[in-house]
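# Structural features, examined
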Amino acid sequence: MRAEHEKSYVLFPLGEERFAVPAEAVTELARPDQLQTFPHCTPSVSGVLLRRGKIVPVCDVASVLVGPEAPARKFYLIANCQRESGKEWTAIPVTGECELTSVSTEPEKPAPRAPSYITGVLAIGDGTLKIVDLDKLITMEARG
Amino acid sequence: MRHKRPQPPPSPASREDVILFSVSGFKFVIAAGAVHEIRGLQGLQPFSLGCISVQLAKLKYTLERSGTTYFVVDAAFHFRLTPSHPSRLLILRNIPAAVLVDSTDRMMGISALHGLPQAFTHEERGWYRGLAVMDGDVVPVVNHNAFLSKTEQETLRESLGRLQGATAG
């Protein structure tokens, strides 16, 4: 039975690190898929995926979260992100399979100097994971 | 966890004929109705505004055709691609412009035009009318009016006027 204050998160790996996003923001966890590209000038978008007839833009945020040394991203977390005129599915490349977990404790506050897209810290097992606000992160990326 | 949220449907399923072409290894389509003629590169006259208009550096040639001067846009330059090896010219309808492309493939029909995702926020919003899915490939549907926009036509007229004035002076 789910406790009233329990909250679900999707945990995604980027190299050695794992991050968390609230599960309600996630639409789908996708297996490796063919990234399609065409000429454009938006630096935060690396291409599009064709998922069940829908065209989904791919925003690679690995360099922001873990730096330029992130290993190859093979899987996609598809989130419903806020854009200027509504929500839009957006694929985030991740390095391995994602997990779903439920947490009944309140997340801790992020470090004072943490970027604004880190909204909290989850204690899971022996470690901690940063909670990412994908809307904020992608908006910041889009603005360069 | 999987939410079924309504996605904006592609625009109405009226079939549109398009011409598939390629530039610098990328495929594009253009509405067949926007193209007056497809031809080789014979008859092109070198054209340059020099430093008068850097903005119009994508114009490389002119073509005189049936009493009309067409300004020839290098599609690779227009789409910020590496220089390519054009072999075909698409003469556009209703605007005095023609487009240098590497090759034209075939004419085919698309039944749905998908909007460009909002994640794309830069110049490509003007370049494309949307995206089409063709045999599993996502191909941009070009906005033919963007090859030589009204603003660019105005700049061109002004620059040519200045150039003629300088020559006469």
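Here's a quick rundown of the structure.

Calculation notes
Residues numbered from 1 in each chain as written. Chains lettered and ligands numbered in written order. Predicted model: local features only at pLDDT ≥ 70, side-chain atom pairs only at ≥ 80, totals over all residues. Heavy atoms only, no water. Buried < 20%, exposed > 50% of the residue type's maximum accessible area, 1.4 Å probe, protein only. Helix = DSSP H or I, 4+ residues; strand = E, 2+ residues; numbered from the N terminus. Pairing = 2+ DSSP bridges. Core = buried A, V, L, I, M, F, W, Y, C linked by side-chain atoms within 4.5 Å. Contact = heavy atoms within 4.5 Å. Axes fitted to C-alpha atoms, helices over the stretch in contact; angles between N-to-C directions. Buried area = accessible area lost by both parts, 1.4 Å probe. Salt bridge = Lys/Arg side-chain N within 4 Å of Asp/Glu carboxyl O. Polar contact = N/O pair within 3.5 Å; in protein donor to acceptor, adjacent residues only side chain to side chain.

All right, on to the pairing of strand 1 (residues 16–23) of chain B then. In the case of a regular strand, side chains alternate between the two sheet surfaces. All names here are of chain B. For strand 1, the tally of buried residues reaches six of eight residues, placing the bulk of the element in the interior. Two strands pair when backbone bridges link them, and strand 1 and strand 9 (residues 103–110) are joined in this way by six bridges, in the antiparallel orientation. Following the sheet pairing, I19 is matched in strand 9 by M107. Note that strand 1 and strand 2 (residues 26–31) share six bridges and pair antiparallel. Looking across to strand 2, one finds that V18 is bridged to A31.

We now examine the nonpolar core. In terms of nonpolar packing, the biggest core is built from 65 residues, with F12, L65, L77, V132 and L134 of chain A together with I30 and F79 of chain B touching the most fellow members. Per-element tally for this core: the top contributor is strand 6 (residues 75–83) of chain A, with four residues. In this structure V132 of chain A touches F19, A20, V21, P22, L65, Y117, I118 and L137 of chain A, once residues within four positions along its chain are discounted. Of all hydrophobic cores here, the second largest spans 10 residues; its members include I110, A132, M134 and V139 of chain B.

Our focus in this paragraph is the sheet that holds strand 8 (residues 99–103) of chain A. Residue and element names in this part refer to chain A. In space, the five strands of this open sheet follow the order 8-1-2-10-9, with mixed pairing throughout. The two strands at the open ends of the sheet, each matched to only one other strand, are strand 8 and strand 9 (118–124). Here the average twist between neighbouring strands, direction ignored, is 35°. With five bridges joining them, strand 1 (residues 7–14) and strand 8 adopt antiparallel strand pairing. When the bridges of strand 8 are listed, L11 appears paired with E99.

Let us now look at the interface of chain B and chain A. Taken together, the contact pairs 28 residues of chain B with 33 residues of chain A. Summed over both sides, the interface of chain B with chain A buries roughly 2600 Å², with 64% coming from carbon and sulfur. Linking chain B with chain A are zero salt bridges. Here chain B and chain A share 10 residue pairs in polar contact (both at pLDDT 80 or more) between them.

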